[in-house]
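Residue strings, one per chain:
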Amino acid sequence: MKCTQTIGGVLAIVGLGYLCGIGQAFMRDVPVILGAQSTSTNTTTQPVDVNTNIEDTQVDVQSDPIEPTPTSVDSPEDTNPLLDAPVPEGMLSLREALQLWNDGAYFIDSRLRDEFDAGHISGAAYLTAETFFSEEGEAEMMTIPPDATVVIYCIGGEECDASKNTLALLQQSGFSDLRIMGVGYDEWAAAGLETEVSP
Amino acid sequence: MSALRWAESILLQFPMRIGLGGLFAFAALKKIDNVQAFAFAIKGFKILDPDKHGQLIISAAYTIPWVELIAGILLIIGFKTRAATAALGLMLIVFIAGLLHVIFDPSIDADCSCFGDMNLVCSSKVGWCQVIRDVVMLIPVVYLLWRGGGILALDTVFEKKKCSQELNSGPKSSNTVDDLGIRA
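Rules and cut-offs
Numbering of residues begins from 1 in every chain and follows the order in which that chain's sequence is written. Note on labels: chains are lettered from A, ligands numbered from 1, in written order. Reporting of local features is limited, given that this is a predicted model, to residues whose pLDDT is at least 70; pairs of side-chain atoms are given and counted only at 80 or more, and all residues count toward the totals for whole chains, interfaces and linings. Calculated side-chain values reflect all of the structure's heavy atoms, with hydrogen atoms and water omitted. A pair of strands is considered paired only if DSSP assigns at least 2 bridges between the two. Secondary structure elements are taken from DSSP: a helix is a run of H or I of four residues or more, a strand is a run of E of two residues or more, and numbering for both begins at the N terminus. Throughout, a contact is declared for two residues whenever any of their heavy atoms are within 4.5 Å. Orientation is described by lines fitted to C-alpha atoms, with helices fitted over the stretch in contact, and by angles between N-to-C directions that extend from 0 to 180 degrees. Note that a disulfide, as used here, is simply two cysteine sulfur atoms within 2.5 Å. Relative accessible area decides the class of each residue, using a 1.4 Å probe on protein chains only: under 20% of the type maximum gives buried, over 50% gives exposed, and in between gives partly exposed. An expected span of 1.5 Å times one less than the residue number is assigned to each helix. Along the arc lie the directions from the helix axis toward the C-beta atoms. Here the quantity called buried area is the accessible surface, traced with a 1.4 Å probe, that two parts lose on coming together, added over both. By salt bridge we mean one thing: a side-chain nitrogen of Lys or Arg within 4 Å of a carboxyl oxygen of Asp or Glu. Between N or O atoms, a polar contact is any pair within 3.5 Å; within protein, one atom must be a potential hydrogen donor and the other a potential acceptor, and residues adjacent in sequence are included only when both atoms are from side chains.

Engineer: Can you help me understand the sheet that holds strand 5 (residues 177-180) of chain A in this one?
Structural biologist: In a beta sheet, neighbouring strands pair by backbone hydrogen bonds and run either parallel or antiparallel. All names here are of chain A. If you walk across this open sheet you meet the four strands as 3-1-4-5, and the pairing is parallel. Of all strands in the sheet, those with a lone pairing partner are strand 3 (125-126) and strand 5, marking the two edges. Note that strand 1 (residues 106-109) and strand 3 share two bridges and pair parallel. Opposite Ile108, over in strand 3, you have Ala125 as the bridge partner. Packed onto the sheet, helix 6 (residues 161-172) meets strand 1, strand 4 (149-153) and strand 5 and runs at close to 175° relative to strand 5.

Engineer: What is the right way to look at the state of the cysteines in this model?
Structural biologist: By definition, a disulfide links the sulfur atoms of two cysteine residues through a covalent bond. Residue and element names in this part refer to chain B. Under the counting rule described, the total for this entry stands at one disulfide over all chains. One disulfide in the model links Cys122 with Cys129; its S-S distance is 2.0 Å. With the S-S dihedral at roughly -80°, the linkage between Cys122 and Cys129 falls on the left-handed side. Assessed through its relative accessible area of 5%, Cys122 is described here as buried.

Engineer: How do you make sense of helix 6 (residues 154-168) of chain B when you look at a structure like this?
Structural biologist: Residues spaced three or four apart along an α-helix point in a common direction, a consequence of the helix completing one turn every 3.6 residues. All names here are of chain B. When the terminal C-alpha atoms of helix 6 are compared, their 21 Å separation across 15 residues agrees well with the 21 Å that a helix rising 1.5 Å per residue should span. Residues Thr156, Cys163 and Glu166 constitute the buried set of helix 6. Projected down its long axis, helix 6 carries its buried residues within an arc of 85°, all on one side. Turned more than 90 degrees away from the buried face of helix 6 sit Lys161, Gln165 and Asn168, all of them exposed.

Engineer: Even after reading the chapter, I still don't get the environment of Cys20 of chain A, so can you show me in this structure?
Structural biologist: Within the secondary structure, Cys20 of chain A is located in helix 1 (residues 2-27). When residues no more than four places from it in sequence are discounted, the contact partners of Cys20 of chain A are Trp66 and Ile70 of chain B.

Engineer: I tried to follow the interface of chain B and chain A on my own but got confused; where do I start?
Structural biologist: Think of interface size as the accessible area that goes away when the parts come together; that is how it is often given. The interface is formed by 35 residues belonging to chain B together with 29 residues belonging to chain A. In this assembly, chain B packs against chain A so that about 2,900 Å² is buried in total across both faces, 66% of it on carbon and sulfur atoms. Among the residues chain B hides against chain A, the three largest losses belong to Gln36, Phe40 and Tyr62 of chain B. Together they make up 23% of the total. Our count for the chain B to chain A interface comes out at zero salt bridges. Remark: the boundary between chain B and chain A carries seven residue pairs in polar contact (both at pLDDT 80 or more). Residue assignment for the side of chain B that touches chain A shows that the elements contributing at least two residues are helix 2 (35-44), helix 3 (50-77) and helix 4 (81-103) of chain B.

Written out as structure tokens, the structure is:
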């Protein structure tokens, strides 16, 4: 008897939870998504011409609050084999990412908070699915023009879902030129490129 | 006997109910606050294919936190204690199974998102720490399922009322007044 009551109670709790969830879904302004929209595949597959200045793509670098310190592309970096390490299809190689960084693109770090604090690409902002709807996330997004080139990175590789999740959310928020760096922060730092730690 | 039951209620059942219920209610609020991140977390466990079962993942992201919250609150007030505890216990078993799935598949690099963006005891990366934490949480679940919410639970108040009514109309229940601690 007690067992039957307990099972009935469990089912009632689950049912009530489901109804509350449906209610929350109806009240929510933005639908929950699981990935980037397939109609905008150019957001991740757009090739980068390393010889093209990003100003040609009408990105307002003057209002860039990140202000990265340019790194010379004529330095030994040109011959650094890490820059051309293979990356998953549709993602930026380290060389392409570096070119965009030199041209003033916005960089977004989607790793864990403590990883970001320990070291990140100079000028990168911290934005993940966890912080996206917080005041911090909204403040970060306010600093990025919707048509600006945004490069998102995490630990790199095909398995890194954090970049893809952040890309999907930014795409949903109206950002149009979104790229994913195919390698992670560790590769960037190993290549001797500019990094910084959180104050 | 009654003194022992009071002691058990105050020292074991009440703290367990508040601790477990409060923890789940807190975790639920963090998830309800950011359903999107929780949906990504469920997807990250790679138990369900997002292309085929996307709606199921989204439904789970909406439902699980509310079940946690309702069960957590019921456990705190001690109403339907066994049902609430059983619900949380089942969820813990499902969580443990999910964690083990990630741990034994090295190609999966998932964040727990157990408490939203907060880390409780363990880091956010899925590992054995989370499994141990959930197994430890199963201890009060089993105890509360066995012993109930205790004298300080609302269940006991309703049981006492029910028992008193039954005594007035004749003994039908196996519960005695003494069992419920009325003559403490």
